[in-house]
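Breakdown of the fold
Here is what each chain is made of, one letter per residue.
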Amino acid sequence: MGFSTRIPVENPQRRWISIGVEVRESRVGGMLGLAAGIRVCLFDLDGVLTDTAAVHAAAWKEMFDEFLRDYSAAQGIPFRAFDARAEYDAYVDGKPRADGVRDFLASRGISLPDGNADDPPAAQTVNGLGNRKNEAVQRRIRTDGVRVFEGSRKYLQAAEQAGLRRAVVSSSANTREVLDVTGLAQYVEQIVDGVTIRTEGLRGKPAPDTFLAAAKRFGIEPSAAAVFEDALAGVSAGRSGHFGQVIGVDRVGQAGELKTHGADLVVRDLADLLAEA
Ligand SMILES: O=P(O)(O)OC[C@H]1O[C@@H](O)[C@H](O)[C@@H](O)[C@@H]1O
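Heads up: these notes are all about the structure in this document. All figures in this text were calculated on a predicted structure; none of them were measured in a lab.

**Notes on the site of the ligand**
The full set close to the ligand counts 14 residues, and Tyr88, Arg97, Ser172, Ala173 and Asn174 are the nearest of them. A distance of 3.1 Å separates an oxygen atom of the ligand from a polar atom in the backbone of Gly94. Here the ligand loses 99% of its free accessible area of 390 Å² to cover by the protein chains. A molecule is said to occupy a pocket when more than half its atoms come within 2 Å of that pocket's grid points, and by this definition the ligand occupies the largest pocket. Summarising the domain contributions, the shell around the ligand has at least three residues from each of domain 1 (14-51 + 148-276) and domain 2 (53-144).

**Examining the layout of surface pockets**
One number sums up the size of the largest pocket: a volume of about 520 Å³. Lining the largest pocket are 32 residues, with Lys95, Pro96, Arg97, Ala98 and Ser171 sitting closest to its centre. Counting residues per element, the ones that place at least two in the lining of the largest pocket are helix H1 (53-75), helix H2 (86-92), helix H3 (97-107), helix H4 (126-144) and helix H7 (194-200). At six residues, H4 tops the list of elements feeding residues into the lining of the largest pocket. Across the lining of the largest pocket, the residue classes tally to 11 nonpolar, 12 polar and nine charged. Shared between two domains, the lining of the largest pocket takes at least three residues from each, and those domains are domain 1 (14-51 + 148-276) and domain 2 (53-144).

**Section: the pairing of strand S7 (residues 245-249)**
Of all five residues that make up S7, five are buried, and the element is covered over most of its length. A two-sided burial pattern is seen for S7, the buried positions comprising Gln245, Ile247 and Val249 on one face and Val246 and Gly248 on the other. For the segment spanning strand S6 (residues 225-229), helix H9 (residues 232-240) and S7, crossover handedness is right-handed. Sheet topology places S7 next to strand S8 (residues 265-267); three bridges connect them, and they run parallel. For Ile247, the partnering residue across the bridge sits in S8 and is Leu265. Chirality of the crossover, the property in question, places the unit of S7, helix H10 (residues 255-260) and S8 among those that are right-handed.

**Quick notes on the sheet that holds strand S3 (residues 40-43)**
Strand order in the open sheet formed by six strands is S5-S4-S3-S6-S7-S8, and the pairing between neighbours is parallel. Of all strands in the sheet, those bounded by a partner on one side alone are strand S5 (190-192) and S8. Neighbour-to-neighbour, the strand axes of the sheet open up by a mean angle of 25 degrees, direction not taken into account. The pairing of S3 with S6 spans four bridges and is classified as parallel. Within the sheet, the bridge partner assigned to Cys41 lies in S6 and is Ala226. On the sheet, helix H8 (residues 209-217) packs against S3, strand S4 (165-169), S5 and S6 and is oriented at approximately 155 degrees with respect to S5.

The rules behind these values
- Residues numbered from 1 in each chain as written.
- Predicted model: local features only at pLDDT ≥ 70, side-chain atom pairs only at ≥ 80, totals over all residues.
- Heavy atoms only, no water.
- Near = heavy atom within 4 Å.
- Polar contact = N/O pair within 3.5 Å; in protein donor to acceptor, adjacent residues only side chain to side chain.
- Areas by Shrake-Rupley, 256 points an atom, 1.4 Å probe, with all protein chains shown as cover.
- 1 Å grid on protein atoms, 1.4 Å probe; cavity = no way out; pocket = protein on both sides within 12 Å on 5 of 7 lines; lining within 4 Å.
- Sits in = over half its atoms within 2 Å of the grid points.
- Domains from an automatic or database assignment.
- Points joined across faces, edges and corners; volume = space filled by probe spheres on them.
- Helix = DSSP H or I, 4+ residues; strand = E, 2+ residues; numbered from the N terminus.
- Nonpolar A, V, L, I, M, F, W, Y, C, P; charged D, E, K, R; others polar.
- Buried < 20%, exposed > 50% of the residue type's maximum accessible area, 1.4 Å probe, protein only.
- Right-handed = clockwise from strand over helix to strand, strands pointing away.
- Pairing = 2+ DSSP bridges.
- Axes fitted to C-alpha atoms, helices over the stretch in contact; angles between N-to-C directions.
- Contact = heavy atoms within 4.5 Å.

Right, dumping it as structure tokens:
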């Protein structure tokens with residue numbers, strides 16, 4: 001598509017729009033910077049609506065570094081810390097908690113038994129490590145609070161006023177608490193989250209199941225919904241579910257990777273879409 005600001009005159013049904021880091025083609029007729037025909041917005045939470053991707057990444061690092069220190073001492077191998085940027089983005093971000101534990105450990109050639117959902121945080125199991133990380137993230141959320149991206153709050157309000165339907169689709173089992181403490185719950189009609197994944201037996205991102213479940217609740221085809229995602233696993237889920245539009249939200253300088261994993265369009269903040277509307 002190229003980095004151009006030209007307005008093509010040969011096809012009046014299309015225009016070039018410049019949004020944040022990308023210049024992409026968009027069909028005229030959509031609202032709030034969306035493609036024509038979009039009636040439903042499916043928002044990821046952490047990193048899209050709230051500044052909690054970094055909170056999760058820090059909690060993962062706290063837990064994995066402690067585990068890796070013990071593990072390397074027991075195995076007599078050098079300790080290599082968890083990379084809260086590259087390894088978090090590649091193996092953990094956007095996925096349900098247990099998948100994040102499993103996929104990162106596998107990348108280091110480590111395999112642990114799954115254990116049970118109520119394993120204590122000290123247990124050397126996938127669930128035990130997941131529960132240890134959850135204690136860390138909840139401590140951080142309750143101590144430091146949660147910051148809402150103001151552009152996202154404005155976008156939610158504008159979407160509501162425009163009559164677009166709105167769901168949050170997150171792998172996090174802490175979704176409801178975060179929506180409640182930030183006051184964002186009032187803008188959200190449906191929630192598909194880490195708890196739904198467990199109770200309905202859905203596959204987590206990068207599988208499209210959670211986004212498809214949300215589209216189904218509105219009784220629409222995926223082609224009528226836009227997916228808003230900051231995680232590589234999340235844009236992959238949007239792409240493989242054949243959603244009408246996949247909007248990558250780049251908070252950490254990974255616009256290129258978001259595009260190669262399936263984003264149609266990459267913005268730095270949802271306010272960029274309002275500026276174009
Ligand atoms: O551990 P939770 O709160 O259930 O969240 C699971 C995952 O939820 C995703 O939304 C986050 O991007 C991940 O970082 C997080 O690990």
